[in-house]
Amino acid sequence: GLRREMAANEHYVLAAARVPLPEDAQGDLLAGLAHDAEPDATDSGVPTEAVQALAQELAAHRTLADLCQSYQERQTAVRDIGLFRRLLANEHQLIYRLARALRLAGQPSGEAAPDPELLSAGKGLEGTGDQLHFLRQALAAAADRLRGRAEVLSALEQGALWRELNTLIDAQQALVGRADD
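Sequence order as written defines the numbering, with residues in each chain counted from 1. Where totals are concerned, whole chains, interfaces and linings use all residues; where local detail is concerned, this predicted model gives features only for residues with pLDDT of at least 70, and gives and counts side-chain atom pairs only at 80 or more. As a convention, hydrogens and water are excluded, and side-chain values are obtained from all of the structure's heavy atoms.

Turning our attention to the packing of aromatic side chains. Ring geometry is summarised as follows: Phe, Tyr and Trp rings, the Trp one being its six-membered ring, pair when their centres sit within 6.5 Å, and such pairs are stacked at plane angles under 30 degrees, edge-to-face over 60 and tilted between the two. Tallying each qualifying case throughout the model produces one aromatic pair. Ring geometry for Tyr71 against Phe84: centres 5.6 Å apart, planes inclined by 70 degrees, an arrangement best described as edge-to-face. Of this pair, Tyr71 sits in helix H3 (residues 48–74) while Phe84 sits in helix H4 (residues 78–104); the two residues are 13 residues apart in sequence, bridging distant segments of the chain. The two residues Tyr71 and Phe84 agree in class, both being buried. Where helices and strands are cited, they refer to DSSP runs of H or I of at least four residues and of E of at least two residues respectively, numbered from the N terminus. Partly exposed residues are those whose accessible area sits between 20% and 50% of the maximum for their type, while under 20% is buried and over 50% is exposed, using a 1.4 Å probe and protein chains only.

By convention a nonpolar core is built from buried Ala, Val, Leu, Ile, Met, Phe, Trp, Tyr and Cys residues, the set being connected through side-chain atoms within 4.5 Å. Core analysis: the biggest nonpolar cluster contains 38 residues, and Leu58, Leu87, Leu135, Trp162 and Leu165 have the highest contact counts within it. Of all the elements in the fold, those that place two or more residues in this core are H3, H4, helix H6 (128–148) and helix H8 (159–179).

Once that is clear, we can look at the packing of H3 against helix H5 (residues 116–123). Axis definition: a line fitted to C-alpha atoms, limited for helices to the stretch in contact. Angles are taken between N-to-C directions and run from 0 to 180 degrees. Where H3 contacts H5, the two axes come as close as 10 Å, and the packing angle between them is 20 degrees. By the criterion of interaxial angle, the relationship of H3 to H5 is roughly parallel. Where H3 crosses over H5, the two elements pack in a sense that is right-handed. Residues Thr63, Asp66, Leu67, Ser70, Tyr71 and Arg74 of H3 lie in contact with H5, whose contacting residues are Leu118, Leu119, Gly122 and Lys123. Note that the term roughly parallel is reserved for angles under 35 degrees, roughly antiparallel for angles over 145, roughly perpendicular for angles of 65 to 115, and oblique for everything else. Crossings are sorted by hand: turned counterclockwise from the far helix by less than a right angle, the near helix makes the crossing left-handed, and turned clockwise it makes it right-handed. By definition, residues are in contact when any of their heavy atoms lie within 4.5 Å.

Moving on, we come to the pattern of salt bridges. Think of a salt bridge as a Lys or Arg side-chain nitrogen and an Asp or Glu carboxyl oxygen that are within 4 Å of each other. Evaluated as defined, the whole model comprises four salt bridges. Its salt-bridge partner being Glu126, residue Arg74 comes within 3.8 Å of it at the nearest N-O pair. Placement of the pair is Arg74 in helix H3 and Glu126 in the loop between H5 and H6, with a sequence separation of 52 residues. In this structure, Arg97 and Glu164 form a salt bridge, with 2.4 Å as the shortest nitrogen-oxygen distance. Of this pair, Arg97 sits in helix H4 while Glu164 sits in helix H8, placing them 67 residues apart in sequence. With relative accessibility at 12%, the residue Arg97 sits in the buried group.

In structure tokens:
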């Protein structure tokens, strides 16, 4: 319900990152959107390394979401359109959770842009099989990266968040894996 709606509208929140906040803004939806001259992750009590890891993961999943959207738009088979729609929905869930965690850590989530090199490499693929292979590799890298950063990211004291992220990435990998069957 609400989480799905917020994830679907994440781009509005990202656009708001470029607009000054009202003085009385409260709540986590707008947390971290105020752009200080020199943001310092230590002010929020979250280690800089953890904030950087969040920002890198957010950028990676924005890239994957853009690719899923692009692949979905190019499909003609209903089965493939549905697959890429589910992959995109899961990526939006990941983006929502990462952006929220970054905002709660006091950092603007709008600055984590998709990786242009990865986006260019992925968008150049034409066949559905090649696209799925590319996504499979990108998701495997994301899973490895996330699991490798578990200790650093535990500084956020949001164990539930990292379990959710791992669950969503595992679901993504399962979707891509089933597409081969």
